[in-house]
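Inside the fold
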Amino acid sequence: MIPHDQNTRIIMHVDMDSFYASVEIAHHPDLYGKPVVIGADPRLNRGVISTCSYEARTFGLHSGMPISQAYQLCPQAVYLPVNMNLYRLVSERIMTILKQYSDLFEQVSIDEAFLDISQSYTYLSSPILAKEIKREIQEKEGLLCSVGIAPSRYYAKMASDFDKPDGMTIITPGDLLSFLENLPVSAIPGVGKHRFSLLKRAGIETIGDLGRTDLFTLVSIAGNWGIMMHHIALGLDTTGIRVAQPRRSIGRETTFLCDTDDPTGMRETLLHLTTSVHHTLVDSHLLCKTITVKIRDSDFCTKTRAVTIPTETDDLKTIIAEIMNIFTELYNGDTVRLIGVRLSGLVQKKSVQTSIFDYLS
Ligand code: TTP
Ligand code: MG
């Protein structure tokens, strides 16, 4: 079992590479390797590029560029109209994949999402998860994405953007300031062209420069945004993900550093995971009705088995007993790469336990 530092937030940001264009290429393999531009019709001479493949970007093309200009720079590109229905469908499937990896999930646009993975991973083990997510998306959808892992929402987004396409950038709390030092200020989400040129005029080009500039000067340049940028530049941001929906399940899983076929070790890990999800269950004043164990073997074949108990519970002994029974039935002696537990069918404790006060109120 990998040790876990309870105080460190670990946020993952996943952003699909040249999303609309990549979806078209995945559905029309003859487009592979070609400059592909999605957006307005170049014959109409108005409108802009929605996005374009990385091959098209080598010609200087980018999102938002007038399509007429794109056509001048790269007439040989394949120009396709936007097919939103297809992209939405693919996006939904990608989000379904991502959600499986953490209950704390926040979709922020059609092609990007945050996951809080602090409960199940450390900075040391997080690359295993990132690679697994990238592999699953590529295998199921034929698409590449870039992943950033860092101590806050902002830094995770900056990390995923750092090495596109097909990137994986992990910034530990200890590496954060040196990562920020030489990045251009435009790498901060929300610093558009206007703020960029204002800062540049004041001689502030890198995030390191931003951190060294006094707050008064920054506020005079960029108003309240100056405070925010300074905070980010000093590595102080700790923003987590925003989860709006009530919890539907509580899960925790772990990927072993080395694949294992030792059932005793697996049971110990299950015990640890169960204690952790139980803690969250009790902390959230919830009861669960369904208990699930998940095992992924070294060939990436995933098996789950769930048991629904007659009455909702938050009794640790009952939950552990169910988990161990399920494991005995599910485990077939294979070499295992990942193991997990999940509690679902959640209800608020108060709604099933009536007390005298419920009758009085
Ligand atoms: P982005 O993630 O910003 O861009 P991208 O996925 O195409 O490329 P990257 O590899 O740099 O992430 O946006 C996601 C999709 O949103 C993009 O494929 C098309 C659409 N989009 C527009 O329609 N107009 C725009 O100006 C931008 C930026 C994106
Ligand atoms: Mg993208």
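Before reading further, recall that the structure is shown in the block above.
What this report covers is the structure whose coordinates are included nearby.

Parameters and conventions
Residues numbered from 1 in each chain as written. Chains lettered and ligands numbered in written order. Predicted model: local features only at pLDDT ≥ 70, side-chain atom pairs only at ≥ 80, totals over all residues. Heavy atoms only, no water. Pairing = 2+ DSSP bridges. Helix = DSSP H or I, 4+ residues; strand = E, 2+ residues; numbered from the N terminus. Axes fitted to C-alpha atoms, helices over the stretch in contact; angles between N-to-C directions. Contact = heavy atoms within 4.5 Å. Salt bridge = Lys/Arg side-chain N within 4 Å of Asp/Glu carboxyl O. Buried < 20%, exposed > 50% of the residue type's maximum accessible area, 1.4 Å probe, protein only.

1. As for the sheet that holds strand β5 (residues 105-109)
Taking strand neighbours across the sheet as the criterion, the five strands line up as β5-β6-β1-β7-β8 in an open arrangement whose pairing is mixed. The open sheet is flanked by β5 and β8 (168-170), the only strands paired with a single partner. Across the sheet, the axes of successive neighbouring strands diverge by a mean angle of 15°, strand direction being ignored. Relative to β8, strand β7 (residues 145-150) is paired through three bridges, and the arrangement is parallel. Residue pairing across strands places Val147 opposite Met168, the latter belonging to β8. In this fold helix α4 (residues 84-99) packs onto β1 (11-16), β5 and β6 (112-116), with an angle of close to 155° to the strand it touches most, β5. On top of the sheet, helix α6 (residues 153-162) reaches β1, β5, β6, β7 and β8; it is set at about 140° to β7, its chief contact.

2. Brief notes about the pattern of salt bridges
Pairs can form between side chains of opposite charge once their charged atoms are near each other. Summed over the entire model, instances satisfying the criterion amount to 16 salt bridges. Between Lys164 and Asp17 there is a salt bridge whose closest N-O contact spans 2.7 Å. Here Lys164, found in the loop between α6 and β8, pairs with Asp17, found in the loop between β1 and α1 (19-27); they are 147 residues apart in sequence, far enough to count as distant. Given the relative accessible area of 23%, Lys164 is considered partly exposed. Using a relative accessible area of 3% as the deciding quantity, one classes Asp17 as buried. Salt-bridge contacts for Glu329 lead to Arg305; the nearest nitrogen and oxygen are separated by 2.8 Å. Separated by 24 residues along the polypeptide, Glu329 in helix α13 (residues 316-330) and Arg305 in strand β11 (residues 302-313) bring together distant segments of the chain.

No statement about biological role is implied by the geometric values presented.
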